[in-house]
Amino acid sequence: MNNKQGGAALLILMLILALTISTVLVTGAGRKDNTVKRDQVSSEALAKAKGALVGYAYRNDGALPCPDSTGNGLGDSCSTAEGWLPWQALGVKPLRDGDGACLRYAVSAAYEGVAPASLVDGDFEIQDVNNNTRDTGIVAVVLAPLEALSGQLRGMGSGSNSVCGSTDSSAQKNDAVNYLDIISGVNNAASNPTVFIQADKADAFNDVSIWLSTTDITGSIVVVASCDAGYTLINGVCELIQSCDTGYSLNEDGECVDDIYGCLVTEAPNNGGQCKNIVCDEGYTANNGGQCIADNNGNGNGNGNGNGNG
């Protein structure tokens, strides 16, 4: 081979190498761009789901829909804490993550299909990959499952397609274990979940989640301002009024207290006018008037001593 041929061969080799490198770079950039787009789709779907749930709570006095068992969008599974996001019940179109899977949903018992009497903490805790608590008292969790990982099967079973899942409620396509993952000892697909984990994607974990706290739905809970006759408001709940003896009236906690000192029936004022627990002799018990009387099965003779000087 002469020098001219050798130079030409070297030039061709360099061109091939340059084309190969550029192809790899373009392919890598394309994959990264696709990943970013998929993540964006997932994030937007989760945000829409949270907004729809908050809106539902405000329309229903704090209640949240039950999970969907078959993926048809109806909140029909009030006996379980987790299932498909009930998109029809929420009045939205099916919400899918960046890989085309519909969103999963878990809801706390106090809010599942019923309006809570007061704002109470939810059942769930959110942890990070190191099992540190990120949030507690969570009312509901929405998860984007993304693509199936190794071992996750999503067959229809004996049913047919139901938009998100299968009409066969027991099919693989409806089973949380084929969508949600385990990492750091926390199983997002647990049948009775109490802890969910939010972590970066890994070989065996790709769940992405968003959640509702009590703060998100604070204004949706209807607080009872008054009660019907015969009932009194105690901690936001109408309770049946108990009757008090003469000289006693109900306090704001629904307890009978005397009209002068405000002492409970088991208390008496001491010399300083402070309410103290009544201490009776053995065989005697304080009555509603603060007097020590003989127990029915005691040996008292009716002269038991009591005092409020504790």
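Trainee: Hey, could you go over the overall build of the protein for me, with residue numbers and the actual values?
Mentor: Counting its secondary structure elements, the protein contains two helices and 19 strands. A buried classification covers 35% of the 310 residues belonging to the protein. Long-range contacts, defined here as pairs at least 24 residues apart, represent 51% of the contacts in the protein between residues at least 6 apart. For the protein, the exposed surface amounts to about 17,200 Å²; the carbon and sulfur share of it is 50%.

Trainee: Could you give an account of the packing of aromatic side chains, with specific residues and numbers?
Mentor: Under the counting rule described, the total for this entry stands at two aromatic pairs. Between Trp84 and Tyr179 the ring centres are 5.0 Å apart and the planes differ by 75 degrees, which places this aromatic pair in the edge-to-face class. Residue Trp84 is located in strand 1 (residues 82-84), and its partner Tyr179 is located in the loop between strand 5 (140-144) and strand 6 (182-183); the two are separated by 95 residues in the primary sequence. With 5.4 Å between their ring centres and 85 degrees between their planes, Phe124 and Phe196 make a pair best called edge-to-face. Note that Phe124 is positioned in strand 3 (residues 124-127) and Phe196 in strand 8 (residues 195-197), a separation of 72 residues in sequence. Across the ring face of Trp84, the terminal group of Arg104 is positioned such that the distance to the ring centre comes to 4.4 Å.

Trainee: Quick rundown of the sheet that holds strand 4 (residues 133-138)? Include the residues and the values.
Mentor: Across the sheet, which stays open at both edges, the three strands sit in the order 4-3-8 with mixed pairing between neighbours. At either end of the open sheet lies a strand with only one pairing partner, and these are strand 4 and strand 8. Strand-to-strand twist in this sheet, taken as the mean axis angle between neighbours without regard to direction, amounts to 20 degrees. Alignment of strand 3 against strand 8, held across three bridges, turns out to be parallel.

Trainee: I'd love a proper account of the side chain of Gln127, names of residues and values included.
Mentor: By the secondary structure assignment, Gln127 is in strand 3. For Gln127, a relative accessible area of 12% translates into the label buried. A polar side-chain atom of Gln127 sits 3.2 Å from a polar atom in the side chain of Glu125. Within the structure, the side chain of Gln127 is placed 2.9 Å from the side chain of Asn131, a separation counted as a polar contact. Here Gln127 is in contact with Asn132, Thr133, Arg134, Val186, Val195, Phe196, Ile197 and Gln198, once residues within four sequence places are set aside.

Trainee: Can you lay out the confidence of the model for the protein for me, pointing to particular residues and giving the numbers?
Mentor: Considering every residue of the protein, the mean pLDDT works out to 83; 80% of them sit at 70 or more. Below a pLDDT of 50 lies the segment residues 297-310, which in the model reaches 29 contacts outside its immediate sequence neighbourhood of four places, other chains included.

Trainee: Requested: an account of the sheet that holds strand 5, with residues and values cited.
Mentor: The strand order 1-2-5-9 describes an open sheet built from four strands, whose pairing is antiparallel. Edge positions in the open sheet fall to strand 1 and strand 9 (208-212), since each of these has one partner strand only. Sheet twist, expressed as the average angle between the axes of neighbouring strands with direction ignored, equals 20 degrees. One ladder, built from four bridges, connects strand 2 (residues 104-107) with strand 5; its direction is antiparallel. Bridging across to strand 5, Val107 finds its partner in Ala140.

Trainee: Could you give an account of the environment of Gly185, naming the residues involved and the relevant values?
Mentor: Inspection of the secondary structure assignment puts Gly185 in the loop between strand 6 and strand 7 (186-187). For the pair Gly185 and Ile197, spaced 12 residues apart in the sequence, the C-alpha separation amounts to 9.4 Å.

Trainee: So, the nonpolar core: which residues are in play, and what are the values?
Mentor: Considering soluble globular proteins, one finds that nonpolar side chains tend to be buried as a cluster. Membership of the largest hydrophobic core comes to 22 residues, with the highest contact counts inside it found for Leu53, Leu64, Leu85, Leu103, Tyr105, Tyr111 and Val142. Listing elements by their share of this core, those giving two or more residues are helix 1 (3-59), strand 2 and strand 5. Sequence-distant contacts of Leu53, that is, excluding residues within four places in its chain, are made with Leu64, Pro65, Leu85, Leu90, Tyr105, Val142 and Leu212. One finds Cys102, Val141, Ala176 and Ala189 within the second-largest nonpolar core, a separate group that totals 16 residues.

Trainee: An account of unusual backbone geometry is requested, with residue identities and associated values reported.
Mentor: The phi torsion at Asp61 lies on the positive side, around 55 degrees, for a residue other than glycine. With respect to the element layout, Asp61 can be found in the loop between helix 1 and strand 1. Here the phi dihedral of Ser184 falls at roughly 55 degrees; this positive angle occurs in a residue that is not glycine.

Trainee: Explain the layout of surface pockets to me, using residue names and the numbers behind them.
Mentor: In this model, the largest pocket occupies a volume close to 280 Å³. As for the largest pocket, its lining consists of 18 residues, and the residues nearest its centre are Thr80, Glu82, Arg104, Asn174 and Ala176. The greatest single-element share of the lining of the largest pocket, amounting to three residues, is contributed by strand 1. Here the residues of the lining of the largest pocket sort into six nonpolar, eight polar and four charged.

Rules used throughout
Residues numbered from 1 in each chain as written. Predicted model: local features only at pLDDT ≥ 70, side-chain atom pairs only at ≥ 80, totals over all residues. Heavy atoms only, no water. Helix = DSSP H or I, 4+ residues; strand = E, 2+ residues; numbered from the N terminus. Buried < 20%, exposed > 50% of the residue type's maximum accessible area, 1.4 Å probe, protein only. Contact = heavy atoms within 4.5 Å. Areas by Shrake-Rupley, 256 points an atom, 1.4 Å probe, with all protein chains shown as cover. Phe/Tyr/Trp six-rings, centres within 6.5 Å; stacked < 30°, edge-to-face > 60°. Lys NZ or Arg CZ within 6 Å of the ring centre and 35° of its normal. Pairing = 2+ DSSP bridges. Axes fitted to C-alpha atoms, helices over the stretch in contact; angles between N-to-C directions. Polar contact = N/O pair within 3.5 Å; in protein donor to acceptor, adjacent residues only side chain to side chain. pLDDT = per-residue confidence, 0-100. Core = buried A, V, L, I, M, F, W, Y, C linked by side-chain atoms within 4.5 Å. 1 Å grid on protein atoms, 1.4 Å probe; cavity = no way out; pocket = protein on both sides within 12 Å on 5 of 7 lines; lining within 4 Å. Points joined across faces, edges and corners; volume = space filled by probe spheres on them. Nonpolar A, V, L, I, M, F, W, Y, C, P; charged D, E, K, R; others polar.

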